[in-house]
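# Close look at the chain arrangement
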Amino acid sequence: MARTTQTLAPLQKAGAEPFVAQPTDHTALTEAFTGAHGVYVMVQPNYIPDSPDFLAHQKRIVDTMVTALASAGIRRIVTLSSWGADKPEGTGPVVGLHYLEEQVDFLDAAVTHLRAGYFMENLLGCVRPEGVVAPFDADIAMPFVAAADIGHAAAETLIAPTQAIPGHPEIVEIQGERDLSMREATQVIGKLTGRPDLRYVRQSTDEFAAEQRAAGVSAGVAVLMVQVANAINSGHTRALQPRSARTTTPTSIESFVTNVLLPQGIKAPA
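A quick note: this is a predicted structure, and the numbers were derived from the prediction, not measured.

## Describing the overall build of the protein
Helices and strands together make up the secondary structure of the protein, namely nine helices and 10 strands. Taken against the 2.2 N^0.38 rule, which gives 18 Å for 270 residues, the C-alpha radius of gyration of the protein at 19 Å falls within 12% of a compact globule. When the backbone C-alpha atoms are referred to their principal axes, the protein occupies close to 55 × 40 × 35 Å. Counting only residues that meet the buried cut, the protein has 47% of its 270 residues in that class. By sequence separation, contacts in the protein at least 24 residues apart represent 79% of the contacts at least 6 residues apart. On the protein, roughly 13200 Å² of surface is accessible, and the fraction owed to carbon and sulfur atoms is 55%. Mean positive and mean negative side-chain charge positions of the protein (20 and 28 charges, respectively) differ by 4 Å.

## A short note on the pattern of salt bridges
Taken as a whole and assessed by the stated rule, the structure comprises 11 salt bridges. For Asp86, the salt bridge is made with Lys87, and the minimal N-O distance between the two is 2.7 Å. Accessibility expressed as a relative area gives 26% for Asp86, which makes it partly exposed. Through salt bridges that share partners, Glu177, Arg178 and Glu254 make up one connected network.

## Observations concerning the nonpolar core
Among the nonpolar cores identified, the biggest contains 26 residues, and Val132, Phe136, Met142, Phe144, Met182 and Ile189 are the most heavily contacted of them. Only strand 6 (131-134), strand 7 (142-145), helix 6 (182-192), helix 8 (219-234) and helix 9 (253-261) provide two or more residues apiece to this core. Among all residues touching Met182, those that are not within four sequence positions of it are Leu123, Val132, Ala134, Phe136, Ala138, Ile140, Met142, Phe144 and Tyr200. Ranked by size, the runner-up nonpolar core spans 23 residues in total, among them Val41, Ile61, Val66 and Ala109.

## Here we look at the sheet that holds strand 5 (residues 127-128)
Read across the sheet, three strands follow the order 5-6-10 without closing on themselves; strand pairing throughout is mixed. The two strands at the open ends of the sheet, each matched to only one other strand, are strand 5 and strand 10 (200-202). Note that strand 5 and strand 6 share two bridges and pair antiparallel. For Arg128, the partnering residue across the bridge sits in strand 6 and is Gly131. Strand contacts of helix 6: strand 5, strand 6 and strand 10, with the helix running at about 150 degrees to strand 6, the strand carrying the most contacts.

## What about the packing of helix 6 against helix 9?
The N-to-C vectors of helix 6 and helix 9 enclose an angle of 50 degrees; their axes lie 10 Å apart at closest approach. Judged by the inter-axis angle, helix 6 sits oblique to helix 9. The two elements helix 6 and helix 9 cross, and the hand of that crossing is right-handed. Across from Val188, Ile189 and Leu192 in helix 6, the residues of helix 9 making contact are Ile253, Glu254, Val257, Thr258 and Leu261.

## Comments concerning the sheet that holds strand 9 (residues 179-180)
If you walk across this open sheet you meet the three strands as 4-7-9, and the pairing is mixed. With partners counted over all chains shown, the strands left at the sheet margins are strand 4 (118-119) and strand 9, one partner each. Direction of pairing for strand 4 relative to strand 7: parallel, over a ladder of two bridges. Paired with Phe119 across the two strands is Val145, which belongs to strand 7.

Scoring rules and cut-offs
Residues numbered from 1 in each chain as written. Predicted model: local features only at pLDDT ≥ 70, side-chain atom pairs only at ≥ 80, totals over all residues. Heavy atoms only, no water. Helix = DSSP H or I, 4+ residues; strand = E, 2+ residues; numbered from the N terminus. Rg over C-alpha atoms; globule rule 2.2 N^0.38 Å. Buried < 20%, exposed > 50% of the residue type's maximum accessible area, 1.4 Å probe, protein only. Contact = heavy atoms within 4.5 Å. Areas by Shrake-Rupley, 256 points an atom, 1.4 Å probe, with all protein chains shown as cover. Lys, Arg positive; Asp, Glu negative; His and termini not counted. Charge placed at Lys NZ, Arg CZ, Asp CG, Glu CD. Salt bridge = Lys/Arg side-chain N within 4 Å of Asp/Glu carboxyl O. Core = buried A, V, L, I, M, F, W, Y, C linked by side-chain atoms within 4.5 Å. Pairing = 2+ DSSP bridges. Axes fitted to C-alpha atoms, helices over the stretch in contact; angles between N-to-C directions. Parallel < 35°, antiparallel > 145°, perpendicular 65-115°, else oblique. Left-handed = near helix turned anticlockwise from the far one by under 90°.

This is the structure in structure tokens:
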């Protein structure tokens, strides 16, 4: 499922049945869900920078999606959630995923919520001439996760037997290959891009918010982005499950830098 046929073309070529649907189109979603043995659902993990009310946008998508799942009679659901989704407030857009979990849990379905850690892809916007820049404390360990690994985990979860039953959802954290601080991630990026002296620059949240606003981000979305940083720095957002074979995914930060950052031309400046 996607919002455009162009996005679906490679999957259709591989044998998938395509459905084009806007995320708030109940009729189109119900048509796509009908007949499925299981469904993997998400609310877009990226922001809409100029959104006047991003949390309301998330809730509209969730409400439409949940009613469509009910209309189609889906009995197996896997969601893309996030670390921090156990909290009802103070976590930025993750509050919308807390709402997603709550609403899906009301359905007559076996539900697994995949709470993904900090996306490695976020590093794509952090490498700058002055160093790796972000609003996180330098030495807080975070579960860095590659998006591709989340997709594999979702597929495996849909295929495998589950102990989840209606009314009793399963929570699985996706914690990446290992925990890393931003300082450690910066050292890896520096080493693999030929700049071992690359430094981590910790922005204040005021600097971070001002930069976002200058780039055209709405005031409401900027507040949510600051909440993300504050929640991670304070430990309000944190991994809750012990690391295990199921919560650990294969892509290392070294592999991600080599196979994703470098091919996209992300290099430490000379």
